[in-house]
Amino acid sequence: MRLYSTKSRGQYTDLKEAVLRGLPPDNGLYMPERIPALPEHILRNLRQLPFADIAFEVTRNLLQGAIPDPDLRKIIEEAVNFPAPLVQLDEDKYVLELFHGPSLAFKDFGARFMAQLMSYFNRGEAQELVILVATSGDTGGAVAAGFYQTPGTRVVILYPSGKVSALQEKQLTTLGHNITALEVDGTFDDCQAMVKKAFLDEELTGRIRLTSANSINISRLIPQSFYYFEAYKQLPKGSDAVFCVPSGNFGNLTAGLLAQRMGLPVRHFVAATNINDVVPAYLETGEYRPRPSRRTLSNAMDVGNPSNFARMKDLYHDLEERSTWNKMRASITGYAYDDEQTKAGLQEVYERYGYVIDPHGAVGYLALKEHQLANPGTKGVVLETAHPAKFLPDVEAALGQQIEVPQRLARLADQPKEAVGLPADFNRFKDWLLASLG
Ligand SMILES: *Cc1c(COP(=O)(O)O)cnc(C)c1O
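Residues numbered from 1 in each chain as written. Predicted model: local features only at pLDDT ≥ 70, side-chain atom pairs only at ≥ 80, totals over all residues. Heavy atoms only, no water.

Peer 1: Help me out: how do you make sense of the sheet that holds strand β10 (residues 241–246) in this one?
Peer 2: Hydrogen bonds along the backbone pair up the strands of a sheet, which may run parallel or antiparallel. In space, the six strands of this open sheet follow the order β4-β5-β13-β10-β11-β12, with mixed pairing throughout. The open sheet has two edge strands, β4 (86–90) and β12 (332–336), and neither has a second partner. Here the average twist between neighbouring strands, direction ignored, is 25°. In this sheet, β12 lies alongside strand β11 (residues 266–273) in parallel orientation, the contact comprising five bridges. Counterpart to A272 in the pairing with β12 is Y335. Lying over the sheet, helix α15 (residues 321–331) contacts β11 and β12, oriented at roughly 75° with respect to β12. (Pairing = 2+ DSSP bridges. Helix = DSSP H or I, 4+ residues; strand = E, 2+ residues; numbered from the N terminus. Axes fitted to C-alpha atoms, helices over the stretch in contact; angles between N-to-C directions. Contact = heavy atoms within 4.5 Å.)

Peer 1: Help me out: how do you make sense of the sheet that holds strand β1 (residues 2–5) in this one?
Peer 2: The antiparallel open sheet is built from three strands, whose spatial order is β2-β1-β3. Two strands bound the open sheet, and with one partner strand each, they are β2 (8–14) and β3 (30–32). For this sheet, the mean angle separating the axes of adjacent strands, direction not counted, is 40°.

Peer 1: Where do I start with the packing of helix α3 (residues 51–63) against helix α4 (residues 69–79) in this structure?
Peer 2: To describe two helices that pack against each other, one gives the angle between their axes and the distance between the axes. Relative orientation of the contacting elements α3 and α4 amounts to 135°, with a least axis distance of 10 Å. Judged on the interaxial angle alone, α4 and α3 are oblique. Between α3 and α4 the crossing geometry is right-handed. Between α3, through A52, D53, A55, F56, T59, R60 and L63, and α4, the contact on the second element is made entirely by D69, L72, R73 and I76. Residue composition of the contact of α3 with α4, grouped by class: six nonpolar, one polar and four charged. (Parallel < 35°, antiparallel > 145°, perpendicular 65-115°, else oblique. Left-handed = near helix turned anticlockwise from the far one by under 90°. Nonpolar A, V, L, I, M, F, W, Y, C, P; charged D, E, K, R; others polar.)

Peer 1: Can you walk me through the site of the ligand in this structure?
Peer 2: The full set close to the ligand counts 15 residues, and K107, G248, N249, F250 and T385 are the nearest of them. G248 places a polar main-chain atom, nitrogen or oxygen, 2.7 Å from an oxygen atom of the ligand. G251 has a polar backbone atom sitting 3.1 Å from an oxygen atom of the ligand. Isolated, the ligand exposes 390 Å² of accessible area, and the fraction of that covered by the protein chains is 96%. (Near = heavy atom within 4 Å. Polar contact = N/O pair within 3.5 Å; in protein donor to acceptor, adjacent residues only side chain to side chain. Areas by Shrake-Rupley, 256 points an atom, 1.4 Å probe, with all protein chains shown as cover.)

Peer 1: Even after reading the chapter, I still don't get the nonpolar core, so can you show me in this structure?
Peer 2: Most often, soluble globular proteins have nonpolar side chains that are buried together. Of all hydrophobic cores here, the largest spans 93 residues; its most connected members are Y227, Y228, F229, F243 and I332. Ranked by residues supplied to this core, first place goes to helix α5 (residues 107–121) with eight residues. Leave out the neighbours within four places in its chain, and I332 touches L253, L257, H268, F269, A271, L283, M312 and Y316. If you look at the next biggest cluster of nonpolar residues, it comprises 28 residues, including L89, C244, Y335 and L368. (Core = buried A, V, L, I, M, F, W, Y, C linked by side-chain atoms within 4.5 Å. Buried < 20%, exposed > 50% of the residue type's maximum accessible area, 1.4 Å probe, protein only.)

Peer 1: How do you make sense of helix α20 (residues 426–437) when you look at a structure like this?
Peer 2: Helix length check: α20 (twelve residues) gives 16 Å between terminal C-alpha atoms against 16 Å at 1.5 Å per residue, within 8%. Among the residues making up α20, those that are buried are F426, F429, K430, W432, L433, L434 and L437. Structurally, α20 contributes buried residues whose contacts are with β6 (129–134), β7 (153–160), β8 (179–185), α8 (188–200), α9 (202–207) and β14 (420–423). For α20, the N-terminal capping position is held by D425, with its side-chain oxygen 3.2 Å away from the main-chain nitrogen of N427. (Expected span 1.5 Å × (residues − 1).)

Peer 1: What's the story with the packing of aromatic side chains in this structure? I'm lost.
Peer 2: Each pair of aromatic rings is reported with the distance of its centres and the angle of its planes. If you walk through the whole model with that rule in mind, you get 15 aromatic pairs. Taken together, a centroid distance of 6.3 Å and an interplanar angle of 70° make the contact between Y228 and F269 edge-to-face. Taken together, the residues span a long stretch of sequence, with Y228 in helix α11 (residues 226–234) and F269 in strand β11 at a distance of 41 residues. Residue Y228 is classed as buried on the basis of its relative accessible area of 1%. Taken together, the ring pairs connect F51, F82, F109, Y227, Y228, F243 and F269 into an aromatic cluster. The side chain of R2 reaches across the aromatic face of Y12, ending 3.9 Å from its centre. (Phe/Tyr/Trp six-rings, centres within 6.5 Å; stacked < 30°, edge-to-face > 60°. Lys NZ or Arg CZ within 6 Å of the ring centre and 35° of its normal.)

Peer 1: Explanation requested: the pattern of salt bridges in the structure shown.
Peer 2: When their charged atoms lie close together, side chains carrying opposite charge are able to pair. Here the structure, examined in full by the defined rule, presents 23 salt bridges. Residue E125 pairs with R209 through a salt bridge whose shortest N-O separation is 3.9 Å. With a gap of 84 residues between them, E125 in the loop between α5 and β6 and R209 in strand β9 (residues 209–212) connect regions that are remote in the sequence. On the basis of relative accessible area, E125 is assigned to the partly exposed category, the value being 37%. Here R209 falls in the partly exposed class, since its relative accessible area comes to 22%. Across the salt bridge formed by E230 and K233, the nearest N and O atoms sit 3.0 Å from each other. With a gap of three residues between them, E230 and K233 both fall in helix α11, about one helical turn apart. Since its relative accessible area comes to 8%, E230 is described here as buried. For K233, a relative accessible area of 15% corresponds to the buried category. Taken together, the salt bridges that share partners define one network made up of D201, E203, R207 and K430. (Salt bridge = Lys/Arg side-chain N within 4 Å of Asp/Glu carboxyl O.)

Here is the structure:
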């Protein structure tokens, strides 16, 4: 398997380099050179295949021998060890629950697979691989859980003190083992600046094998295509499938496009956003206008310049801007909703179907409903990207009642927090890294 950067098509690197580097030196995004269709017999027999087998076949097909089959089997077994069930709402609407992993959000799929690949590519190295992450909340939790006890890896998470939710903090600070949380007396931007500086510091990079768990690492994208196949297999035979994806950085939707390229018969994609609607606006007008993000109820989608938009454009690449736009909007339609509408959507899903959806899923539900009104006869799948209990106060306020909290989340509240306090000062951070890991 070879990969190129969206900024320099025609120059290639291998999977190991793409995974360990995360970002190409030219600041583009890595893309697979070829996205081969799955063998016909696999596509025909999806229904007979367990989720892990589907994941194995998809990866094997994309990696084209980059990892030998027996090793890949083991990686998949470790990475894909929780289900993605499809729940039916009514005759033409379904919810794909992607929150059955350790951090209760779909990012668990990407984080676990990335951890396995990084561990695999670091095997045989004398030094452990140190993953540095700055988090404003959710990503850190998924990365921590994903790398937890993964051989040869160590994770250092920087988070801004007092600026992540109590639950998110517990997800970062209660695991122990190879996961260390640094509680920084500063903002998320301070944390991010400290991490960036560490990668540029020659003394640090000379003594510690540093890498990042960047959200645009190709190893996070690949596993997100698995559950599109898994969802399709659970739909009635011969369904005209429409996937509706609540989106922020558009990694999840891009993974759906990969699945489609690999032969999954998807009729159409719906891109659902909150008022941070740069991509729906682009699909409507052909103009891409990034702008600062605004805070909403579905805050994991508060993104003003979606990082994977470059990959989406690359997949529909054409010599003419206008043809790229036309091709993209033939397969994806965008819809955007504000917080009032999101709350009403959450209420509607509960009243009509007795289903508790989270604010991100509620945005998706609204978009699917609007799309199906204009395009009847399809089977629509909303990707439910997180468990509603992760957004407990907002969900309970919208529904006017208490909701059930899964045990694994409730249990966190009683675990003792362990974090190293640090000022927002790069030199102190560097000293800590050298003393603890160097
Ligand atoms: C990250 C996240 C999203 C947005 O996913 P993208 O791949 O960035 O579009 C949506 N919902 C939840 C709950 C998330 O954590």
